[in-house]
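Next come the chains, spelled out residue by residue.
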Amino acid sequence: MECTARPYHSLLSGSWFKLIGGASLQNLPTLHNLALAYTLAGADCIDVCADPAVIDQVQRAIKLALQFARLDPRHAPFLMVSLNDGSDPHFRKAQFPSARCPSDCPRPCLRICPVGAISEIGVNPAYCYGCGRCGPVCPLGLIEFAAWEPPVETIGLLLAPCAIDAVEVHTHVGNLDGFQRLWQGLAPVLPRLKLFAVSFPDEPGMREHLAAIWQIVEASALTEAAKQHLVWQIDGLPMSGDLAPGTARAAVSFAERVQTWGLPGHLQLAGGTNDTSVRLARTRNLQISGIGYGSFARRLIQAQTDGGPLENCPVLLREAVVSARTLVQQLKPYLHQEGDASWLTTLPRST
């Protein structure tokens, strides 16, 4: 398999930037705009939920970005889907019976939702990505969370027609049987993947659990390229990067221990990552290949991405890409725009 230039090179050089679109986020217009802006900003990977409609929309946005800026297709970000081998907060949707909400309720859930998924009539499941912030603030405790994910038995058949480059599995200690079932379900796509990643939180026994997962992966039909570029995602404080600067410390502290485990492949931070993560990682001398940014990266350009297609609004597109680059260039300080950069320099500026 021919190596794609930018993503593999970024892993090897320690400048890997992954945009985490949300393992259960299905807001097609927003994901389209996020993928367009972050592809133009220099992302190496765009990670989305295992929904064929989402995958198709993000693939279209990546292709549009390549055409728009006349970028070399070898520098396109990998399109990744996230899956789960058991219960995980990334794979859920909030729900509540709005008819039971009192008319005089101050509706703190509506105000605290970071993506506007909640209204007076309930939760829009396409917008909800399961962050869980609404649950504790409900005065009557009406909000519940339902698991969301395709069945593991048919996941390979679901993904087989989709143009994905990579798969990431979120795992927990005690879920090895679930991982094996999921891995069997992925059989139709393993022989063509360019990259595989494992996301894991800080739990007792995790080192031994990951060693067992590696044995399964190593003996499988996964491509040699993916085995050689295995990514271990250190999930410090899940879905919290837009809450406070201090959330980045959890992933960095966890990574200090993980880098002594001798895992084969590459280490990547996630979970609570924000614009302080690169500085913290360098201060601690972490040996990592890159960082995945989720809620912080999405929130950074939310004002531009929550409207119509960015390609139809040059001013907003410029603003989104410039803002996205402030984050990407922390990992890629010498990033330059490949191909024709005139699209960025000639767009009208907002006044």
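Data block above holds the structure.
1. Points about the nonpolar core
Inside soluble globular proteins, nonpolar side chains tend to come together where they are buried. Counting 87 residues, the largest nonpolar core has Y38, L159, L186, F196 and L269 as its most contacted members. Among residues more than four places away in sequence, those in contact with L269 are I234, A251, V252, A255, A281, L286, I288, G290, I291 and G292. Core analysis: the next-biggest nonpolar cluster, separate from the first, contains 13 residues, F96, C128, C134 and C138 among them.

2. Remarks on the packing of helix α7 (residues 176–185) against helix α8 (residues 206–218)
In a pair of packed helices, the angle between the axes and the distance between the axes together describe the arrangement. Their axes nearest at 11 Å, the elements α7 and α8 cross at an angle of 20 degrees. Here α7 lies roughly parallel to α8, going by the angle between them. For the element pair α7 and α8, the recorded crossing hand is right-handed. Contacts between α7 and α8 involve L176, F179, Q180 and W183 from the first element and H209, A212, I213, I216 and V217 from the second. Across the contact of α7 with α8, the residue classes break down as seven nonpolar, two polar and no charged.

3. Looking at the packing of helix α2 (residues 28–41) against helix α14 (residues 314–331)
Between α2 and α14, the least distance of the axes is 8 Å, while the angle of their chain directions is 55 degrees. With respect to each other, α2 and α14 are oriented oblique. When you trace α2 past α14, the crossing you get is right-handed. Taken together, the residues of α14 that come into contact with α2 (itself represented by L36, A37, Y38, L40 and A41) are L317, A320, V321, A324, R325, L327 and V328. Looking at side-chain class alone, the contact of α2 with α14 contains 11 nonpolar, no polar and one charged residues.

4. Overview of the packing of aromatic side chains
Applying the stated criterion across every chain yields a total of eight aromatic pairs. For the pair W183 and F196, a centre-to-centre distance of 4.8 Å together with 65 degrees between the ring planes defines the contact as edge-to-face. Of this pair, W183 sits in helix α7 while F196 is found in strand β9 (residues 195–200), placing the two residues 13 residues apart along the sequence. In this structure W183 comes out as buried when scored by relative accessible area, which is 6%. Of the residues examined, F196 reaches a relative accessible area of 0% and is grouped as buried. An aromatic cluster is defined as three or more aromatic residues linked by ring pairs; in this entry it consists of F17, Y38 and Y293.

5. Details of unusual backbone geometry
If you check the backbone angles, R70 has positive phi at about 55 degrees while not being a glycine. The topology assignment puts R70 in the loop between α3 (52–69) and β3 (78–84). Using a relative accessible area of 61% as the deciding quantity, one classes R70 as exposed. Positive phi values are uncommon outside glycine, yet R107 reaches one of about 50 degrees. With respect to the secondary-structure elements, R107 resides in the loop between β4 (92–95) and α4 (108–112). For R107, a relative accessible area of 16% translates into the label buried.

6. Regarding the sheet that holds strand β10 (residues 231–235)
Reading around the circumference, β1-β2-β3-β8-β9-β10-β11-β12 is the order of the eight strands in this closed barrel, with parallel pairing throughout. Averaged over neighbouring strand pairs, the angle between their axes works out to 25 degrees when direction is ignored. Pairing between β10 and strand β11 (residues 266–270): five bridges, direction parallel. In the sheet register, W232 faces β11, and the bridge partner there is L267. Its contacts with the sheet put α2 on β1 (16–22) and β2 (45–49), and the angle it makes with β1 is roughly 175 degrees.

7. Some thoughts on the environment of I213
Tracing the sequence through the fold places I213 in helix α8. Judged by its relative accessible area of 0%, I213 is buried. Expressed as a C-alpha distance, the spacing of I213 and N175, which sit 38 residues apart in the sequence, is 10.0 Å. Contacts of I213, omitting those with residues within four sequence positions, involve T171, L176, F179 and V198.

8. Focus on the pattern of salt bridges
Under the counting rule described, the total for this entry stands at nine salt bridges. Among the ionic pairs, K18 bridges to D47, the shortest N-O distance being 3.2 Å. Placement of K18 in strand β1 and of D47 in strand β2 is noted, with a sequence separation of 29 residues between them. Taken individually, K18 and D47 each receive the classification buried, so the pair is uniform in this respect. The shortest N-O distance in the salt bridge between R60 and D56 comes to 2.8 Å. Of this pair, R60 and D56 both sit in helix α3, four residues apart, which is roughly one turn of that helix. The partly exposed category is assigned to D56, whose relative accessible area is 32%. If you follow the salt bridges from partner to partner, you end up with K18, D47 and E168 in one network.

Rules behind the numbers
Residues numbered from 1 in each chain as written. Predicted model: local features only at pLDDT ≥ 70, side-chain atom pairs only at ≥ 80, totals over all residues. Heavy atoms only, no water. Core = buried A, V, L, I, M, F, W, Y, C linked by side-chain atoms within 4.5 Å. Buried < 20%, exposed > 50% of the residue type's maximum accessible area, 1.4 Å probe, protein only. Contact = heavy atoms within 4.5 Å. Axes fitted to C-alpha atoms, helices over the stretch in contact; angles between N-to-C directions. Helix = DSSP H or I, 4+ residues; strand = E, 2+ residues; numbered from the N terminus. Parallel < 35°, antiparallel > 145°, perpendicular 65-115°, else oblique. Left-handed = near helix turned anticlockwise from the far one by under 90°. Nonpolar A, V, L, I, M, F, W, Y, C, P; charged D, E, K, R; others polar. Phe/Tyr/Trp six-rings, centres within 6.5 Å; stacked < 30°, edge-to-face > 60°. Pairing = 2+ DSSP bridges. Salt bridge = Lys/Arg side-chain N within 4 Å of Asp/Glu carboxyl O.

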